[in-house]
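Topology and contacts: notes
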Amino acid sequence: MIDIKKKINSVYTAHSKYNFYARKMISAYVLEDNRLPLNPFTNWDYFMNDMVDRKLTVRGNNNLIYLADELWQFGIISNGCYHEIKLAMSLNKKIRFFEIGKTITDIKEININDLEFEEELKQEYNMNEFKEELIKYLDNY
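A brief look at the structure comes next. (Residues numbered from 1 in each chain as written. Predicted model: local features only at pLDDT ≥ 70, side-chain atom pairs only at ≥ 80, totals over all residues. Heavy atoms only, no water.)

1. Considering the pairing of strand β4 (residues 94-99)
- The sheet contact formed by strand β3 (residues 70-74) and β4 spans 5 bridges and is parallel. Bridging across to β4, Leu71 finds its partner in Ile95. (Pairing = 2+ DSSP bridges. Helix = DSSP H or I, 4+ residues; strand = E, 2+ residues; numbered from the N terminus.)

Spelled out as structure tokens, the structure:
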């Protein structure tokens, strides 16, 4: 029986716009793991469909990261996800990485070597250095 009055850890679910289709599946996965999903795409859709300045939704996302106990990255890492991960690291949050597919059973935890990055991000930052930084961070966590 599920204790609905029990506090559970919260998880900020970082994922690229390319995985927007999976936003509810990702939230369901986190709930099934007995954690509370703080999913930006279910809170404000995709940048509130540009009804407000995008910086407001980025600020909202960052505040969700401050509130979250952990950050879980799902699928390919975008520029925005990169910065969310860096913020989570600066706040000493637990970070985990997952691949996704078309169903909830396709979600699997992966290691640093299996991370994928959007092309724009790879052109802007050195992903090998980022992976090394992640490995050191996770080793010390």
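Once you've had a look at it, read on.
2. Brief notes about helix α1 (residues 23-32)
- Burial in α1 covers these residues: Arg23, Met25, Ile26, Ser27 and Val30.
- One or two steps after α1, the chain reaches Asn34, where phi turns positive at roughly 65°. (Buried < 20%, exposed > 50% of the residue type's maximum accessible area, 1.4 Å probe, protein only.)

3. Focus: the pairing of β3
- Of all 5 residues that make up β3, 5 are buried, and the element is covered over most of its length.
- In β3, alternate side chains face the same way, and those of Glu70, Trp72 and Phe74 on one face and Leu71 and Gln73 on the other are all buried.
- Relative to β3, strand β1 (residues 10-15) runs parallel, the two being bridged by 5 bridges. The partner of Thr13 across the bridge, within β3, is Trp72.
- Since β3 and β4 lie parallel, the crossover through helix α4 (residues 79-90) that links them has a hand, and here it is right-handed. (Right-handed = clockwise from strand over helix to strand, strands pointing away.)

Coordinates in, geometry out; function isn't part of it.
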